[in-house]
Amino acid sequence: MTTAARPHHRLRRDVGGLGLLFASVGWIIGSGWLFGAYTASTIAGPAAVFSWLIAAVMIMLLGLTYAELGPMFPISGGVIRFPDMVWGQFTSYSLGFITWIGTVTVPAVETEGALTYATRFLPFTVQAKGGGTAEHVLTPLGYVTAVVRLAVFVVLNYFGVKLFARVNNVLVWWKLAIIALIIVVFLITALGTTSMGSPANFTSHGFAPEGVGGVFVAISTAGIVFSYGGFRQSIELAGESRNPKRNVPLAVIGSITITAVIYALLQLAFTLGVPQHLLGHGGWEKLTFANDAGPLAAIATIAGLGWLAFLLYLDAVVSPLDTALITTAATARVSYALARNRNAPEVLARTNRHGVPWVGLVVTFVGGLVLLLPFPSWQQLAGFITSSTVISFGVGPLAVGALRRAEPKRERPFRLPLGDVIPVLAFYAANMIVYWAGWETNSKLFVIVLIGHVLLVVLRIVGRVRGTNQHLDLRVGAVWLLPWLAAMALISRLCDPTTHPELFGWVFLINIAVTVGIYFLAMRFRLPKESIDEHIAVAVKEAGDTDAA
């Protein structure tokens with residue numbers, strides 16, 4: 001059946017303001033809150049609370065740029081489509097491939113996080129690897145269990161975004177209630193009894209045992225940015241929101257603000273709650289909880305709070321699985337946007353009668369099956385996702401600056417003040433987050449980038465044979481994109497914070513030069529205004545949103 005003959009179903013605008021906000025909050029509060037406080041403490045000690053707050057500011061800068069872009073162009077998969085509008089095929093393909101890799105990994109890691117805690121009820125699904133608290137791998141039966149759960153996420157998403165939003169809203173209310181209960185109980189118990197830690201935990205083994213460097217490294221490697229990255233869900237679903245011009249900025253800013261407060265309080269509660277005898281065997285760096293799947297539940301058990309431990313284990317199954325449900329929806333929108341940008345097979349843009357890109361859901365499911373193979377740890381996989389998603393986020397500030405120059409008169413329902421200041425700071429934040437992830441993590445990312453470009457060559461050869469090649473716009477995107485990726489790789493390799501800590505402070509200055517240089521290269525080398533207008537018109541038409549035109 002030809003493209004013209006196939007029935008076309010549009011994405012449906014069925015998500016309200018609360019649904020959009022809770023989609024972002026639900027993604028942010030996934031497995032990150034279960035392991036993040038523990039992993040951050042082992043890296044930065046009690047000073048980890050500042051890691052959460054600093055990360056919140058950096059992610060807010062990035063989020064603000066998307067809060068300007070989203071209401072301008074309320075289209076699904078916006079993180080992928082904005083680069084196509086401004087720089088064309090090569091840039092949108094490169095960043096789209098990185099984004100898809102980072103997104104399709106999330107349902108797998110969230111499912112693995114849920115099964116790690118679920119060993120209290122299903123001990124046959126996960127086994128310890130190496131003895132560390134976060135070192136667990138799936139058993140064969142655990143893999144089968146995970147496959148079934150991933151299939152459930154696909155089914156729930158298949159029947160429309162309205163059903164997805166209703167299920168997610170209920171689950172987010174549950175998650176917020178449980179986290180609030182954990183924080184209150186931990187604080188009261190730690191301050192009022194001797195069964196847990198005490199305020200002495202903040203100083204007894206050093207407030208910042210790894211110095212300032214540990215505070216910054218924890219941002220990228222402890223699952224902190226991995227957690228906050230969920231704000232993007234409101235951008236991915238903008239094309240399915242009933243009032244995106246109002247709802248998108250509220251969802252972006254609101255989700256980051258709400259979860260920043262929650263995570264900072266949770267980190268304080270965790271620091272207070274750790275029994276002091278557990279710190280006597282090497283301090284925060286060597287902190288472990290033997291014979292227990294999850295650190296928060298372990299503290300509750302040690303404190304004699306069995307009922308709270310039970311709720312934690314129960315919620316530890318619900319929270320990551322809700323996030324996996326959300327990211328399954330997001331990944332399908334990413335592949336939908338890639339197809340609409342002509343960077344992936346057209347079949348990925350097919351939607352069912354419920355307005356859902358169902359082929360993208362199937363591809364997401366298959367990708368999850370592959371990525372559920374045993375990983376070294378939740379922490380390392382979270383670090384990889386951090387770098388890949390932040391690279392894709394980094395284009396948002398550039399797109400804001402470029403569109404202000406190319407489309408100065410276009411209506412902006414939400415406009416950032418101070419000209420280029422916030423976009424440049426946001427781009428700088430993205431570059432620093434990638435650096436803090438370290439070369440061990442980033443080397444895998446840049447290998448994936450190389451594989452993606454090899455795949456692009458293959459697609460070009462196939463397209464040439466079929467006569468369907470699109471213009472790559474290499475003279476526009478490659479001029480700044482390739483130097484940016486090369487600079488990030490070189491800085492990460494030559495100034496790795498683990499192997500070259502003496503260069504840690506210098507990278508703050510080096511990245512200023514890289515940020516400013518790449519930013520203004522991206523401003524200078526963009527598509528002509530006529531081409532930008534054409535790309536915008538196509539994206540808006542496909543979204544069925546005449547108001548945005």
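These figures come from a predicted structure and were not determined experimentally.

What counts, and at which threshold
- Residues numbered from 1 in each chain as written.
- Predicted model: local features only at pLDDT ≥ 70, side-chain atom pairs only at ≥ 80, totals over all residues.
- Heavy atoms only, no water.
- Helix = DSSP H or I, 4+ residues; strand = E, 2+ residues; numbered from the N terminus.
- Contact = heavy atoms within 4.5 Å.
- Areas by Shrake-Rupley, 256 points an atom, 1.4 Å probe, with all protein chains shown as cover.
- Axes fitted to C-alpha atoms, helices over the stretch in contact; angles between N-to-C directions.
- Parallel < 35°, antiparallel > 145°, perpendicular 65-115°, else oblique.
- Left-handed = near helix turned anticlockwise from the far one by under 90°.
- Nonpolar A, V, L, I, M, F, W, Y, C, P; charged D, E, K, R; others polar.
- Expected span 1.5 Å × (residues − 1).
- Buried < 20%, exposed > 50% of the residue type's maximum accessible area, 1.4 Å probe, protein only.
- Salt bridge = Lys/Arg side-chain N within 4 Å of Asp/Glu carboxyl O.
- pLDDT = per-residue confidence, 0-100.
- Patch = residues over 30% accessible without salt bridge, like charges linked within 9 Å, V, L, I, M, F, W, Y side chains within 5 Å.
- Phe/Tyr/Trp six-rings, centres within 6.5 Å; stacked < 30°, edge-to-face > 60°.
- Lys NZ or Arg CZ within 6 Å of the ring centre and 35° of its normal.
- Core = buried A, V, L, I, M, F, W, Y, C linked by side-chain atoms within 4.5 Å.

1. Let's talk about the overall build of the chain
At step 1: In terms of helices and strands, the chain carries 21 helices and 2 strands.
At step 2: Counting only contacts in the chain whose residues sit at least 6 apart along the sequence, the fraction spanning at least 24 positions is 83%.
At step 3: For the chain, the exposed surface amounts to about 19,900 Å²; the carbon and sulfur share of it is 68%.

2. Quick word on the packing of helix α2 (residues 32-44) against helix α11 (residues 244-273)
At step 1: Packing of α2 against α11 leaves a shortest axis separation of 10 Å and a crossing angle of 60°. Comparing their axes, α11 and α2 come out oblique. By crossing handedness, the relation of α2 to α11 is classed as right-handed. Contact residues: Gly32, Trp33, Gly36, Ala37, Tyr38, Ala40 and Ser41 in α2; Tyr263, Leu266, Gln267, Phe270 and Thr271 in α11.
At step 2: When grouped by side-chain class, the residues that make up the contact of α2 with α11 number 7 nonpolar, 5 polar and no charged.

3. Re the packing of α2 against helix α8 (residues 211-221)
Working note: a packed helix pair is described by the angle between its axes plus the distance between those axes.
At step 1: Two numbers describe how α2 lies on α8: the axes approach to 8 Å, and their chain directions differ by 150°. Here α2 lies roughly antiparallel to α8, going by the angle between them. In the crossing of α2 with α8, the sense of the turn from one axis to the other is right-handed. For the pair α2 and α8, the contacting residues are Ala40, Ile43 and Ala44 in the first and Gly214, Val215, Val217, Ala218 and Thr221 in the second.
At step 2: Residue composition of the contact of α2 with α8, by class: 6 nonpolar, 2 polar and no charged.

4. Quick notes on α11
At step 1: The terminal C-alpha atoms of α11, which comprises 30 residues, lie 41 Å apart, in line with the 44 Å expected from a rise of 1.5 Å per residue.
At step 2: A large share of α11 lies buried, amounting to 21 of its 30 residues.

5. Describing the pattern of salt bridges
At step 1: Applying the stated criterion across every chain yields a total of 6 salt bridges.
At step 2: Of the charged contacts, one joins aspartate 420 and arginine 405 as a salt bridge, the two residues approaching to 2.7 Å between their closest N and O atoms. Of the two residues, aspartate 420 sits in the loop between α16 (395-406) and α17 (421-436) while arginine 405 sits in helix α16, which places them 15 residues apart along the sequence.
At step 3: Of the residues examined, arginine 405 reaches a relative accessible area of 33% and is grouped as partly exposed.
At step 4: Ionic pairing is found between aspartate 533 and lysine 529, a salt bridge with its closest N-O pair at 2.9 Å. Taken as a pair, aspartate 533 and lysine 529 lie in helix α21 (residues 529-543) at a separation of 4 residues, close to a single helical turn.
At step 5: Assessed through its relative accessible area of 41%, lysine 529 is described here as partly exposed.

6. Considering unusual backbone geometry
At step 1: Not every positive phi belongs to a glycine, and leucine 418 is a case in point at roughly 70°.
At step 2: You can see leucine 418 is positioned in the loop between α16 and α17.

7. Concerning the confidence of the model for the chain
At step 1: With 82% of its residues at a pLDDT of at least 70, the chain reaches an overall mean of 80.
At step 2: A low-confidence stretch, residues 1-9 stays under pLDDT 50, and its non-local contacts, those more than four residues away or across chains, total 9 contacts.

8. A closer look at a nonpolar patch on the surface
At step 1: On the surface, a nonpolar cluster with roughly 570 Å² of combined accessible area is contributed by Trp506, Leu509, Ile510, Ile512, Val516 and Phe520.
At step 2: Mapped onto the fold, phenylalanine 520 is located in helix α20 (residues 504-524).
At step 3: Assessed through its relative accessible area of 40%, phenylalanine 520 is described here as partly exposed.

9. Observations regarding the packing of aromatic side chains
At step 1: All told, the structure shown has 21 aromatic pairs when counted by the stated rule.
At step 2: Taking 5.9 Å as the distance between ring centres and 90° as the angle between the ring planes, the aromatic pair formed by tyrosine 228 and tyrosine 263 counts as edge-to-face. With a gap of 35 residues between them, tyrosine 228 in helix α9 (residues 224-228) and tyrosine 263 in helix α11 connect regions that are remote in the sequence. Here tyrosine 228 and tyrosine 263 have matching classes, each one buried.
At step 3: Members of the aromatic cluster, each reached through a chain of ring pairs, are Tyr66, Phe73, Phe82, Phe231 and Phe393.
At step 4: Over the ring of phenylalanine 525 we find arginine 524, and its NZ or CZ is 5.1 Å from the ring centre.

10. Quick notes on the side chain of asparagine 511
At step 1: Here asparagine 511 is to be found in helix α20.
At step 2: Once you skip the residues sitting within four places of it in the chain, asparagine 511 turns out to touch Tyr428, Asn431, Met432, Tyr435, Met488 and Ile491.

11. As for the environment of serine 392
At step 1: By the element assignment, serine 392 lies in helix α15 (residues 378-393).
At step 2: A sequence separation of 300 residues divides serine 392 from serine 92, and the C-alpha atoms of the two residues are 9.9 Å apart.
At step 3: For serine 392, the contacting residues outside a window of four places in its chain are Tyr66, Val79, Leu95 and Thr99.

12. What about the nonpolar core?
At step 1: Judged by nonpolar contacts, the single largest core of 151 residues is most densely connected at Trp33, Trp87, Tyr228 and Phe270.
At step 2: With 14 residues, helix α3 (residues 48-72) is the single largest residue contributor to this core.
At step 3: When neighbours within four sequence positions are excluded, phenylalanine 270 is seen to be in contact with Ala37, Tyr38, Ser41, Trp284, Leu287, Phe289, Pro295, Leu296 and Ile299.

13. Some thoughts on α20
At step 1: The terminal C-alpha atoms of α20 lie 31 Å apart, and with 21 residues this matches the ideal 30 Å at 1.5 Å per residue to within 8%.
At step 2: Every buried residue of α20 is listed here: Phe504, Val507, Asn511, Val514, Thr515, Ile518, Tyr519, Ala522 and Met523.
At step 3: Those residues of α20 that are buried lie in contact with α4 (78-87), α8, α16, α17 and α19 (474-494).

14. Comments concerning the environment of serine 198
At step 1: When you line up the elements, serine 198 lands in the loop between α7 (161-192) and α8.
At step 2: Residue serine 198 is classed as partly exposed on the basis of its relative accessible area, which comes to 22%.
At step 3: Linking serine 198 and proline 275, residues 77 residues apart in sequence, is a C-alpha distance of 7.9 Å.
At step 4: Not counting residues up to four positions away in its chain, the partners in contact with serine 198 are Ala190, Leu272 and Gln276.

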